[in-house]
Amino acid sequence: MTILLLGSGGREHAIAWKLRQSPTVTRLICAPGNPGMATLGQLLPVNPDDANGVVELWRQLAPDLVVIGPEAPLAAGVSDALRDAGAAVFGPSKAAARLEWDKSFSKNFMERHGIPSAASQSFAAEQIDAARNYVAAHPLPVVLKASGLAAGKGVVIAQTTEEALATLDQMLDGSAFGAAGETVVIEEFMQGEEASVFAITDGKHYGVLAPSQDHKRVGDGDTGPNTGGMGAYAPAPIVTPELMQSICQQIIEPTLRGMAAEGTPYIGCLYVGVMIHNGVARVVEFNSRFGDPETQVILPILTNDLATVMLAAANGTMEQVGELASEGAAACVVIASEGYPGSYPKGKEITGIEQAESREEGIVFHAGTAMRDAALVTNGGRVLGVTAINQQGNLADAVRHAYHAVEQISFDGAFYRSDIGHRAVGGGNRA
Ligand code: AMP
Ligand code: GLY
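Rules used throughout
- Residues numbered from 1 in each chain as written.
- Chains lettered and ligands numbered in written order.
- Predicted model: local features only at pLDDT ≥ 70, side-chain atom pairs only at ≥ 80, totals over all residues.
- Heavy atoms only, no water.
- Near = heavy atom within 4 Å.
- Polar contact = N/O pair within 3.5 Å; in protein donor to acceptor, adjacent residues only side chain to side chain.
- Areas by Shrake-Rupley, 256 points an atom, 1.4 Å probe, with all protein chains shown as cover.
- Nonpolar A, V, L, I, M, F, W, Y, C, P; charged D, E, K, R; others polar.
- Helix = DSSP H or I, 4+ residues; strand = E, 2+ residues; numbered from the N terminus.
- Expected span 1.5 Å × (residues − 1).
- Buried < 20%, exposed > 50% of the residue type's maximum accessible area, 1.4 Å probe, protein only.
- Arc of directions from axis to C-beta.
- Contact = heavy atoms within 4.5 Å.
- Salt bridge = Lys/Arg side-chain N within 4 Å of Asp/Glu carboxyl O.
- Pairing = 2+ DSSP bridges.
- Axes fitted to C-alpha atoms, helices over the stretch in contact; angles between N-to-C directions.

**Some points on the site of ligand 2**
The environment of ligand 2 is formed by Asp214, Lys216, Gly228, Tyr271, Asn287, Arg289, Gly291, Asp292, Pro293 and Glu294. Between ligand 2 and Asn287 there is a distance of 3.3 Å, counted from an oxygen atom to a side-chain nitrogen or oxygen. In the model, an oxygen atom of ligand 2 is placed 2.9 Å from a nitrogen or oxygen of the Arg289 side chain. If ligand 2 stood free it would expose 200 Å²; the protein chains cover 90% of that surface. Taken together, the residues of the shell around ligand 2 sort by class into two nonpolar, three polar and five charged.

Right, here's the structure in full:
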């Protein structure tokens, strides 16, 4: 089959890499893709957020399936435009993706359907007085979230009421996150450890992928500002089989039932970010797509044929796929540009990728790279995600191999966390 894949990050590179392993995939087209994906498929410079442009491309190429990687095209209605044109699409409708692009909706949805999450209340800009009163009376720390899309940066955990009130003002007046912050979700701070669980679904039936853990803070020991994710590993042992079963029963199933009952069935990958405390999981957030960099560890250990699974989700035949299975363990270390998640330079030449990939089971996924005068250069904050797999499931070994591969790579200003996987394998991963 021919597949059109939308997106250009590390997540999409990992999806392309996995799709290419399927004997059913004869042609892969990436719009726009990235230099790392050029060996896996044809790259076409089409903007994935432009519904008309993507539908036009679909008409020209007539692919059997369109896979939408990032959230922006979903929030822009690209999946709906494609379905209206007759395409088979892996990715939720704009109305279903609202679970991610409107956190206020998402919290109300969870409340309506009895899905465990932090207690919260949402306020629009014109409710500023009520919001200030609510914040002032809230126990500390208090969590403030911009309701709209903010590239993983729209959450502030305020330790004092003064900080919370100042943040609230900046969100509601649009100075902190623009329009995304003009509605604010104020919620209870949840203690515990986070994990990411992904379900692939046709709206009714679903399968879960290996649970993973992301490292959101920029610095070792989970310090510094939040990023899109500095590394990941899977499977995450904190999500025991019993806990996974309860996440399925208490969170995933009521979510899929609720979305279907409200007339917005959810098709694609449902990302459930959970906080685990005393063996109980509550939802931190839903995303309407695969996680990045979690995908870079989850797909390499998936034993199912991804193309077949995605097509079944798009066509409503997930029941025939049965359970999804994973084998082994994987770790991914993100190499970022100096300054990230703040501003950073671009155009720094990257060397050593071939050496990194020549090492046993090292895979280098491109997240923010570009070609300039036949040289590979940096073009983003998160530049590369270096994954290593251990087939026997030895995570410490996968982590060690990932770091060995990382050490082959250099560019001006490169940095990475040295403690990826620490919760599962302890510190001192670099030995
Ligand atoms: P989100 O964008 O909703 O994933 O939030 C970003 C990060 O903020 C999460 O990964 C958590 O680490 C943290 N966070 C969000 N909501 C809460 C909460 N209610 N309690 C504790 N931490 C939270
Ligand atoms: N790694 C976090 C996310 O994809 O949202």
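There is more to say after this.
**Description of helix 8 (residues 161-172)**
The terminal C-alpha atoms of helix 8 lie 16 Å apart, and with 12 residues this matches the ideal 16 Å at 1.5 Å per residue to within 8%. Among all positions of helix 8, only Thr161, Ala164, Leu165, Thr167, Leu168, Met171 and Leu172 are buried. Taken down its axis, helix 8 places every buried residue within 165 degrees of arc, on the same side. Close packing links the buried residues of helix 8 with strand 6 (120-124), helix 7 (128-136), strand 7 (142-146), strand 8 (155-158) and strand 9 (183-188).

**A word on the pattern of salt bridges**
This structure, assessed with the given rule, holds 18 salt bridges. The salt bridge partner of Arg11 is Glu12, with a shortest N-O separation of 2.8 Å. The class for Glu12 is buried, based on a relative accessible area of 2%. The shortest N-O distance in the salt bridge between Arg282 and Glu188 comes to 3.2 Å. Of this pair, Arg282 sits in strand 17 (residues 280-287) while Glu188 sits in strand 9; the two residues are 94 residues apart in sequence, bridging distant segments of the chain. Each of Lys103, Glu194, Lys216 and Glu285 takes part in a single network of salt bridges with overlapping partners.

**Considering the sheet that holds strand 16 (residues 268-277)**
Pairing within the open sheet is antiparallel, and its four strands lie in the order 11-10-16-17. Strands at the two margins of the open sheet, each flanked by one partner only, are strand 11 (206-208) and strand 17. For this sheet, the mean inter-axis angle between neighbouring strands, taken without regard to orientation, is 35 degrees.

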